[in-house]
Amino acid sequence: MMMQRKVQQGFTLIELMIVVAIIGILAATAIPQYQTYIAKSQVARVMSEAGNLKSAVDNCITDGRTGDVDSNLDATATPDVNDCNVAATSSTLIDSTEGAAQGDGAAPQDGQGYPQVEIEDDGSATIIATFGNGAVADLKTGPSTLTWTRDVNGTWVCTSDAPVKYRPRGCEN
């Protein structure tokens, strides 16, 4: 009579520990990269949201409307003929604590703010977005800002004091 041997099935403790160690190493490198990716995408989004106002500011300057700037007028509001309504939309990444809406603009929803716009009589202008609310902690520390600056010739330049590793190409300091 021949005896059959039982074949052991499953993993050994050492094999399981090796798999757990590999997963731990992958997680340790992936999580910081993901957090950097999120912060970069937030800076790029704010750059785009603030940059969308450049056309409205250019139109106001061309039309001679360099008075008060309104972020987002209520539908029933009647602006002064010299006022500039940039028709901004509020953002969850922009600070809402300081001048969340300019002029007679409608107040933003909780946790949302507007980029701040200043237009000078000489045709220069600035659009400043201060990170806050839903932005990652690295961007709220300080807090960081992203600024579009228009010179008197109509050339726009983007600068930011956000950490260098998060700044998109074309928006360096």
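Residues numbered from 1 in each chain as written. Predicted model: local features only at pLDDT ≥ 70, side-chain atom pairs only at ≥ 80, totals over all residues. Heavy atoms only, no water.

> Honestly, the environment of D70 in this entry has me stumped. Any pointers?
With respect to the secondary-structure elements, D70 resides in strand 1 (residues 69-70). Here D70 falls in the buried class, since its relative accessible area comes to 1%. Considered as a pair, D70 and N85 are 15 residues apart in the sequence and their alpha carbons are 4.7 Å apart. (Helix = DSSP H or I, 4+ residues; strand = E, 2+ residues; numbered from the N terminus. Buried < 20%, exposed > 50% of the residue type's maximum accessible area, 1.4 Å probe, protein only.)

> I keep staring at the state of the cysteines and nothing clicks. Help me out?
Disulfides are covalent bonds that link the sulfur atoms of two cysteine residues. Using the criterion set out here, one finds two disulfides in the structure. Here C60 connects covalently by a disulfide to C84, the sulfurs 1.9 Å from one another. A torsion of 80° about the S-S bond marks the disulfide between C60 and C84 as right-handed. Taken together, the positions of C60 in helix 2 (residues 54-62) and C84 in strand 2 (residues 84-85) put the pair 24 residues apart, joining distant regions of the chain. When sorted by exposure, C60 lands in the same class as C84, which is buried. Shown here is the disulfide that connects C158 with C171, its sulfur atoms set 1.9 Å apart. Taking the torsion about the S-S bond as the criterion, the C158 to C171 disulfide, at about -60°, is left-handed. In this pair, C158 is assigned in strand 6 (residues 156-160) and C171 in the segment after strand 6, connecting sequence segments 13 residues apart. (Disulfide = S-S within 2.5 Å.)

> What is the right way to look at the pattern of salt bridges in this model?
Pairing is possible between side chains of opposite charge, provided their charged atoms come close. Applying the stated criterion across every chain, the model contains three salt bridges. Of the charged contacts, one joins R45 and E49 as a salt bridge, the two residues approaching to 2.9 Å between their closest N and O atoms. Of this pair, R45 and E49 both sit in helix 1 (residues 13-51), four residues apart, roughly one helical turn. Classification of E49 as partly exposed rests on a relative accessible area of 23%. For the salt bridge of D58 with R150, the shortest nitrogen-to-oxygen distance reads 2.7 Å. One end of the pair, D58, is in helix 2; the other, R150, is in strand 5 (residues 145-150), with 92 residues separating them in the sequence. Taking relative accessible area as the criterion, R150 reaches 11% and is therefore assigned buried. (Salt bridge = Lys/Arg side-chain N within 4 Å of Asp/Glu carboxyl O.)

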